[in-house]
Amino acid sequence: MGLLWSMRPVPGSREGLRLRKLNVCIPQLVNISVYSGHVGVGFREQDPLASVLTERWYMAPGVRRIDIKEKGVRGTLFIPHGPGPFPGLLDMWGGGGGLLEYRAALLASHGYASMALEYFNPAEVNTAELELNYFETAFNIVRDHPQVMSDRVGLFGLSLGSIVSISLAAWSSVVKPRCCVCISGNHTHARGGTIGDVFNEFITNVHKVRMDENNYEIWRGMGLPIPDDISQKVDVGKINCPILLVNGDDDQNWPTVESAEDMAQMMRAAGNEHLLTRLEYPDAGHLIEPPYSPHFRATKFLKDGQKVILLWGGTTKPHSDAQEDSWKKILAFLQQNMYSSSGPRAKL
Amino acid sequence: MSMKPLCVKLSVQPSRGLVDEKFTILVQNLLPGFQLTIHALHQCEDGHSWEAFAHYTADATGTVNVSEDPSLDGTYSGVEQMGLLWSLRPVPGSKYGLRMRKMNVQTPMVVTISVYQGHRTEGFLDQVLLASVMVERWYMAPGVQRVPITDGKLTATLFLPSGPGPFPGLLDLWGGGGKLVEYRAALLASHGIASMALDYLTPQITKETGKMVDNDYFETAYRVLEQHPQILGSRIAMLGLSFGSTVTLRMAVYSQVVKLSCAVCISGSHVQPIGGGLEQILASFSKHAYKTRLDENNQVIWRDLMLPIPTDPSLKVDMGRLQCPLLLVVGEDDQNWPTHESAMDVKEMMDQAGNSHLLTVLSYKNAGHLIEPPFMPFARASTFKTITNPPTKVMVLWGGELVAHSRAQEDAWRKTLVFLRENLYGGMKHGASFSNL
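Residues numbered from 1 in each chain as written. Chains lettered and ligands numbered in written order. Predicted model: local features only at pLDDT ≥ 70, side-chain atom pairs only at ≥ 80, totals over all residues. Heavy atoms only, no water.

## Quick look at the UniProt feature "domain: BAAT/Acyl-CoA thioester hydrolase C-terminal" (unreviewed entry) in chain B
Note the threshold: UniProt positions are given in the numbering used here, feature names are shortened, and annotations may be inferred rather than shown by experiment. Secondary structure is summarised from DSSP: a helix means a run of H or I of at least four residues, a strand means a run of E of at least two, and numbering begins at the N terminus for each.
The UniProt record marks residues 214–425 of chain B with the feature "domain: BAAT/Acyl-CoA thioester hydrolase C-terminal" (unreviewed entry), using the residue numbering of this structure. Structurally, residues 214–425 of chain B is divided into 35% helix and 20% strand, and its ends, taken at the C-alpha atoms, are 30 Å apart.

Written out as structure tokens, the structure is:
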């Protein structure tokens, strides 16, 4: 699948681009062509010997897309084809904001009624007023949907979305997730406050931001050291559902592996470590996405209304392997915990 | 086990594919030993519903894999990866004599695959459904272009493969029912061959003038392909089924204009009066119409009209003069044309003339007349509207038995694609016979 995951912007493109499908109702079109000889440049100036168009879909046939705007919650719900009811998922992306539907669409194509949640506008993360109850309300919208099995709703997050998931799993008395998938997340923030507060709390350590040789921002220092003081962290000892942590050890945006290690210690001490599964991938970065998506080592990010380039980390081949392997394991974890007839099982 | 498992997981991969691609159906999260029925439902363009079903028992891991596990009973039995498609049949209560043919190739054939509890044989719409997925089956691959052709007074559609080209070309002819039938040409283009579906019995020009087309019409179609900027003029084939084979052989041997790289004749015959046009051929059929027989269900058997295979050379194509590779595909239970006997006579003629190295014959036991692309439902008989004026509707017996015919379709299509690829894409060496197929 190298022709997909190794794609990069063509020479001459702007810096810091990131490829993300916004309209999931139509496929991603990829032209696969054959050229004579061993060619490295100038593809558009030559005629290929042959060429085929392929379609890559996020939505399987029959998956339904439903706009959600209720009780102040904004999102898109994807329901698999069939009679249902289905296990459900609340799907949350990270600090870039906006509404990204593609992973929820793909999860629905695998049998999970999934809602992609919008929880702040791009570039407004530090002013986002939302408290935990916004997410509780969103979770319940999924749970209460007639085609969702109310006792089988899980949380799926990346980056800030994982932080939200971990917080809900530990602290919410309203939300009882059946399981959680947390990619590139962490537990190092204090209880209470809004999403904006969480974000700003990180940014109090802004002096710890480093720049690499290209002036890309490395934020991982802001999360270190992991505090010893338990009041500065999510009390993960209170989590009582299976939780899967997926991290890359070359994550330059946040010290996610260190955080996962600390979470494991806290859960060991609390006696609930059997619920924890950790996947860690050498030389993978922060943005661990569904498989075959190109790897983005650094991309543009809006910070305080300013465009900066953040270093996410990772090297293309190991990062792509991580995406492929983690997705398989995520789907197996979800199937075991959300579909299985027996009770939830923690370890893969 | 009669307990309903909590959450059955059904997947069909790929959920979107070409009609000749295989898929894998997996049912998981069942209780071990659980009895289930897998059901396929398709509503075709003319509104009729088709269904297939099979009975399975989950293994010790609570899984059923249609590619590996046997169906115990249903519209097919045994291990049949694609049985849910080729065993599709009209739902109970349907009109008799239906035949499934996709006329709009720009939309997919949509099939709903469902899982029901227990071993059911009927009343599916009233049962509790455990899980269901939708599958799209396409005749046109992404990037294939559909180009209506009206130049030279043709009624035709050209399908160009994805990519810059140039591509080999192919003229695709169906049989005595007429109409512009595009699906096989669309599928061939999806495999890299620029293919033109040609209506030659009921084209616009015949509707307007009342006259049948003559040899010029086919030569014009050939020229359109030959001169097309994205088609390699030196690599053009013809593929015909039934009456389309009649035309193909006539052009291949006698036309001064049509120079084929190869020809494929499915369920056809070389028996035809030489000289003259299509009217003469149809007239010769009518002359022998008294040989029509009826089976025990009053279905029409027309195979005897061309028997016995004539010895008079003016009554059949001189196959000894053929100069390009020829693939003949015939079903030995063909009740519509004596295709097997014709194939044997063709072989004898070519053996005697010394050009039988060009000939490959695929002859399938218990297959009937309508040998189509794979996984399409089988019709042993169906209503046939003649192109006479006025037209008449008869119930024609095509022949064949479900399983053997479906296997024949799959095998013949695979070998047809190999044959076409070798002769159209391969090196310039002609004349290899395909004993290794």
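There is more to say, and it comes next.
## As for the side chain of N247(A)
The criterion, for reference: Working rule for contacts: check all heavy atoms of both residues, and any pair within 4.5 Å makes them a contact.
Tracing the backbone through its elements, the reader meets N247(A) in strand 11 (residues 243–248). Look past the residues within four positions of N247(A) in its chain and what remains in contact with it is I183(A), S184(A), G185(A), T256(A), V257(A), A260(A), L279(A), E280(A), Y281(A) and I288(A).

## Examining the sheet that holds strand 4 (residues 35–43) of chain B
Residue and element names in this part refer to chain B. Heads up, the rule is: Strand pairing is assigned whenever DSSP identifies at least 2 bridges connecting the two strands.
Within the open sheet, the six strands sit side by side as 2-9-8-4-5-7. Their pairing is mixed. Looking at which strands have only one partner, the edges of the open sheet turn out to be strand 2 (16–18) and strand 7 (89–90). Where strand 8 (residues 109–117) meets strand 9 (residues 129–138), eight bridges bridge the pair, whose relative direction is antiparallel. The partner of S114 across the bridge, within strand 9, is S132.

## So, the confidence of the model for chain B
All names here are of chain B. To be explicit about the condition: For every residue, the predictor assigns a confidence score, pLDDT, that lies between 0 and 100.
Summing up the model confidence of chain B, the mean pLDDT is 94 and the portion of residues at 70 or higher is 96%. Low pLDDT, under 50, characterises residues 1–5; the stretch is placed with 14 contacts to residues that sit more than four places away or in other chains. A low-confidence stretch, residues 428–436 stays under pLDDT 50, and its non-local contacts, those more than four residues away or across chains, total 15 contacts. Here the complex is predicted with pTM 0.92, and the ipTM for its interfaces comes to 0.89.

## Some points on helix 4 (residues 160–171) of chain A
Residue and element names in this part refer to chain A. We count it as follows: In this scheme, a helix's expected span is set at 1.5 Å multiplied by one less than its residue total. Throughout this description, buried means an accessible area under 20% of the type-specific maximum (1.4 Å probe, protein chains only), exposed means over 50%, and partly exposed covers the range between.
The end-to-end C-alpha distance of helix 4, which contains twelve residues, comes to 16 Å, matching closely the 16 Å that a straight helix rising 1.5 Å per residue would cover. Along helix 4, twelve of the twelve residues are buried, which leaves the element largely enclosed by surrounding structure. For helix 4, the complete set of buried residues consists of L160, G161, S162, I163, V164, S165, I166, S167, L168, A169, A170 and W171.

## Focus: the domain arrangement of chain A
All names here are of chain A. Defined as follows: Start and end points for every domain follow an automatic or database-based domain assignment. Buried area, as used here, totals the accessible surface that two parts lose on assembly, with accessibility defined by a 1.4 Å probe and the loss added over both. Put simply, a salt bridge is a Lys or Arg side-chain nitrogen that is within 4 Å of an Asp or Glu carboxyl oxygen. Polar contact criterion, stated in full: a pair of N or O atoms within 3.5 Å, where within protein one must be able to donate a hydrogen and the other to accept it, and residues adjacent in sequence count only if both atoms are side-chain atoms. Polarity classes work like this: nonpolar for Ala, Val, Leu, Ile, Met, Phe, Trp, Tyr, Cys and Pro, charged for Asp, Glu, Lys and Arg, and polar for all others, with Gly in that last group.
Under the domain assignment, chain A is made up of domain 1 (2–24 + 59–339) and domain 2 (27–57). Put simply, the middle of domain 1 and the middle of domain 2, counted by C-alpha atoms, are 34 Å apart. Taken together, the contacts link seven residues of domain 1 with seven residues of domain 2. When domain 1 packs against domain 2, the two sides together hide about 640 Å² of surface, and 65% of this comes from carbon and sulfur. Among the residues domain 1 hides against domain 2, the three largest losses belong to L4, K21 and M59. Together they make up 51% of the total. Taken together, the links from domain 1 to domain 2 amount to zero salt bridges. Where domain 1 packs against domain 2, one counts zero residue pairs in polar contact (both at pLDDT 80 or more). Across the side of domain 1 that touches domain 2, the residue classes break down as six nonpolar, no polar and one charged.

## Some remarks on the interface of chain A and chain B
Of the residues lining the interface, 25 residues belong to chain A; the matching set on chain B comes to 22 residues. Surface buried jointly by chain A and chain B totals about 1,900 Å² across both partners, of which 58% is contributed by carbon and sulfur atoms. For chain A, the biggest contributors to the area lost against chain B are P61(A), H81(A) and Y339(A); these three give 31% of the whole. At the junction of chain A with chain B, the criterion picks out zero salt bridges. Linking chain A with chain B are seven residue pairs in polar contact (both at pLDDT 80 or more). For the side of chain A that touches chain B, the secondary-structure elements that each account for two or more residues are strand 2 (50–56), strand 7 (148–158) and helix 7 (316–339) of chain A. Among the elements that make up the side of chain A that touches chain B, the one with the highest residue count is strand 2 of chain A (five residues).

## As for the environment of R20(A)
Residues and elements named next belong to chain A. When you line up the elements, R20 lands in the loop between helix 1 (2–5) and strand 1 (28–34). Note on R20: relative accessible area 23%, which makes it partly exposed. Separated by 211 residues in the primary sequence, R20 and S231 place their C-alpha atoms 37 Å from one another. Looking at R20, its side chain comes within polar contact range of the side chain of Y102, at 3.0 Å.

## Notes on the domain arrangement of chain B
Residue and element names in this part refer to chain B. Here chain B is described as being made up of domain 1 (10–138) and domain 2 (145–425). The C-alpha-based centres of domain 1 and domain 2 are spaced at 32 Å. At the interface, 25 residues of domain 1 touch 32 residues of domain 2. Summed over both sides, the interface between domain 1 and domain 2 buries roughly 2,300 Å², with carbon and sulfur atoms accounting for 63% of that surface.

## Let's talk about the packing of aromatic side chains
Applied cut-off: Aromatic pairs are defined between Phe, Tyr and Trp rings, using the six-membered ring for Trp, whenever the two ring centres lie within 6.5 Å; interplanar angles under 30 degrees are classed as stacked, those over 60 as edge-to-face, and all others as tilted.
Within this structure, the stated rule accounts for 19 aromatic pairs over all chains. Judged by centre distance (5.2 Å) and plane angle (70 degrees), the ring pair of Y119(A) and F135(A) falls under edge-to-face. Of the two residues, Y119(A) sits in the loop between strand 6 (113–118) and helix 3 (132–143) while F135(A) sits in helix 3, which places them 16 residues apart along the sequence. A ring pair is formed by Y217(B) and F218(B), whose centres lie 5.9 Å apart and whose planes are at 85 degrees; its orientation type is edge-to-face. Overall, Y217(B) belongs to the buried group, its relative accessible area being 6%.

## Observations regarding the UniProt feature "domain: BAAT/Acyl-CoA thioester hydrolase C-terminal" (unreviewed entry) in chain A
The residues that UniProt annotates with the feature "domain: BAAT/Acyl-CoA thioester hydrolase C-terminal" (unreviewed entry) are residues 131–339 of chain A. Each end of residues 131–339 of chain A is marked by a C-alpha atom, and these two atoms are 30 Å apart; helix forms 34% of the span and strand 21%.

## Details of the pairing of strand 3 (residues 24–28) of chain B
Residue and element names in this part refer to chain B. Here strand 3 shows a clear split, with I25 and V27 buried on one side and none of T24, L26 and Q28 buried on the other. In terms of strand pairing, strand 1 (residues 9–13) meets strand 3 through five bridges, oriented antiparallel. Bridging across to strand 3, Q13 finds its partner in T24. Sheet analysis places strand 3 next to strand 6 (residues 64–65), joined by two bridges and oriented antiparallel. Bridging from a neighbouring strand, V27 pairs with V64 of strand 6.

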